[in-house]
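Take a look at the letters that make up each chain.
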Amino acid sequence: METTTKRKQLRIYALEDLEIERKKGNVWITRNGKVYDVTTFVDDHPGGDDLIRQFAGKDIGEAMEDEEEHVHSDSAYTMLEEYLVGKLGKDGQVVSDDWVAEDDFHPDDTNVDDDYLQTEFLDLRKPLIRQMWEGNFSKSFYLQQVHQPRHLADSARLFGPEYLEIFTKTKWYVVPIVWLPISCYLFFRSSLQFSVAMPLGANNNNNNTMTPHTPSFYLTQPVNSPQTLLSSFPTLSDLATVNTTAWSLAIASFFLGNFVWTLLEYGFHRFLFHVDRLLPDKPAFLLIHFLTHGVHHYLPMDRLRLVMPPVLFFLLSFPMTRLAYLLFPVHMANGIISGAFAFYVLYDCMHYAYVLFPPCPLIVVPYLY
């Protein structure tokens, strides 16, 4: 009973893990697919430490059975089991490293039964999130497998309960439906706020008109809150009062938001989604990596997971929008956020089209991987 329990808890390693330990000065070896950490035994080895150190990161099975060198006794194999730390994951490659897709490529569906038997990674017949949380595999093995793409006719299930699963699937058109109205609202609100930005006491009491001022003033002064800004949505009559300078500044803020989104998108991809080397070797961090981006590499042709679910984008964008309101006047921040959201919609829709359909040669797609 104890042996069965121990077997189930064995951690799954990749050959890369053994090489990492070797560079640290540790001696990890393999035999019959099992991984052993014999670092503390090296100095006590009867044949000397050099004899065993030369096999660090390698399989020692043949050497232990070599009659010309030394045939080990049953007690030696029993002692070796005391240093057992895990097992080697199966090196079942789905796609070779030098594979290049053809123009008319259509992926074959993954055999979910064979895939799990060949790799021992994730069982595509079961919810994936719980498997990731309970997964007893190393970061190296996870990264090796998550970058081997699978393809299913229908979306793989992430959560067991349907009330959670529904938030993981998103039709591409949901992104513009949700975020473009918000982008437009923030842009019009920015324009209206720019038009009423004015120094305190600058009102002309006789005709109640605004005092003209330079564009630089709009970017530095706080916004007063006249009655026109108390409504939730700017009306057409409100927008009719927006002057040319305010429109120009709102548009400039919008374009600045485009640039900010480009920097953030690159930054998130380069230093968060693809932070493989710095990713902590803990189940919780591997799960976060899988949820935010790893699942896209694992199931790249899943039509319902090619764009970001609104809930996830809200969680990722909320700190950024709060930061914008801290760094810029509210009228400028609204314009910047509007431009960032508009570019996000453009990016996600283009990303969806680029993955599923042959790219148009006239369109340059910022496909960041």
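Residues numbered from 1 in each chain as written. Predicted model: local features only at pLDDT ≥ 70, side-chain atom pairs only at ≥ 80, totals over all residues. Heavy atoms only, no water.

**Q** How should the overall build of the protein be read in this particular structure?
**A** Within the protein, the regular secondary structure consists of 16 helices and four strands. Per-residue burial for the protein yields a buried fraction of 38% across its 369 residues. Considering only intrachain contacts with a sequence separation of at least 6, the fraction spanning at least 24 residues in the protein is 76%. Taken as a whole, the protein presents about 21900 Å² of accessible surface, with 60% of it coming from carbon and sulfur. (Helix = DSSP H or I, 4+ residues; strand = E, 2+ residues; numbered from the N terminus. Buried < 20%, exposed > 50% of the residue type's maximum accessible area, 1.4 Å probe, protein only. Contact = heavy atoms within 4.5 Å. Areas by Shrake-Rupley, 256 points an atom, 1.4 Å probe, with all protein chains shown as cover.)

**Q** Help me understand the sheet that holds strand 3 (residues 34-37) in this model?
**A** Strand pairing in a sheet takes place through backbone hydrogen bonds and is either antiparallel or parallel in direction. Spatially, 1-4-3-2 is the arrangement adopted by the four strands of the open sheet, whose pairing is mixed. Every other strand in the sheet has two partners, leaving strand 1 (11-13) and strand 2 (28-31) as the edge strands with one partner each. Sheet twist, expressed as the mean angle between neighbouring strand axes with direction ignored, is 40°. Along the sheet face, helix 2 (residues 15-23) touches strand 1, strand 2, strand 3 and strand 4 (84-88) and points at about 145° away from the line of strand 2. (Pairing = 2+ DSSP bridges. Axes fitted to C-alpha atoms, helices over the stretch in contact; angles between N-to-C directions.)

**Q** Looking at this model, I keep getting lost on the pairing of strand 4. Mind explaining?
**A** It is a general feature of regular strands that their side chains alternate between the two faces of the sheet. With three bridges joining them, strand 1 and strand 4 adopt parallel strand pairing. By the bridge assignment for strand 4, Arg11 is matched with Gly86. Bridging between strand 3 and strand 4 involves three bridges; their strand directions are antiparallel. Bridging across to strand 4, Lys34 finds its partner in Lys87.

**Q** Which parts of the structure should I look at to understand the pattern of salt bridges?
**A** Opposite charge on two side chains permits them to pair, given that their charged atoms come into close proximity. Counted by the stated rule, this structure contains 13 salt bridges. By sharing partners, the salt bridges in this structure join Glu165, Lys169, Asp302 and Arg305 into a single network. (Salt bridge = Lys/Arg side-chain N within 4 Å of Asp/Glu carboxyl O.)

**Q** It is not clear to me how the environment of Glu134 should be interpreted in this structure. Could you clarify?
**A** Mapped onto the elements of the fold, Glu134 is located in helix 7 (residues 128-134). For Glu134, a relative accessible area of 51% puts it in the exposed group. Between the alpha carbons of Glu134 and Leu287 there is a distance of 9.6 Å; along the sequence they are 153 residues apart.

**Q** Please clarify how the packing of helix 13 (residues 244-273) against helix 16 (residues 330-356) should be interpreted in this entry.
**A** Between two packed helices, the angle of one axis relative to the other and the distance separating the axes together describe the packing. As a packed pair, helix 13 and helix 16 sit with axes 7 Å apart at the nearest point and diverge in direction by 55°. Judged by the inter-axis angle, helix 13 sits oblique to helix 16. Helix 16 is crossed by helix 13, and the crossing has right-handed handedness. Listed contacts from helix 16 to Ser253, Phe254, Leu256, Gly257, Asn258, Val260, Trp261, Thr262, Glu265 and His269 of helix 13 are Met332, Gly335, Ile336, Ser338, Gly339, Ala340, Ala342, Phe343, Tyr344 and Tyr347. Of the residues belonging to the contact of helix 13 with helix 16, the class tally is 11 nonpolar, eight polar and one charged. (Parallel < 35°, antiparallel > 145°, perpendicular 65-115°, else oblique. Left-handed = near helix turned anticlockwise from the far one by under 90°. Nonpolar A, V, L, I, M, F, W, Y, C, P; charged D, E, K, R; others polar.)

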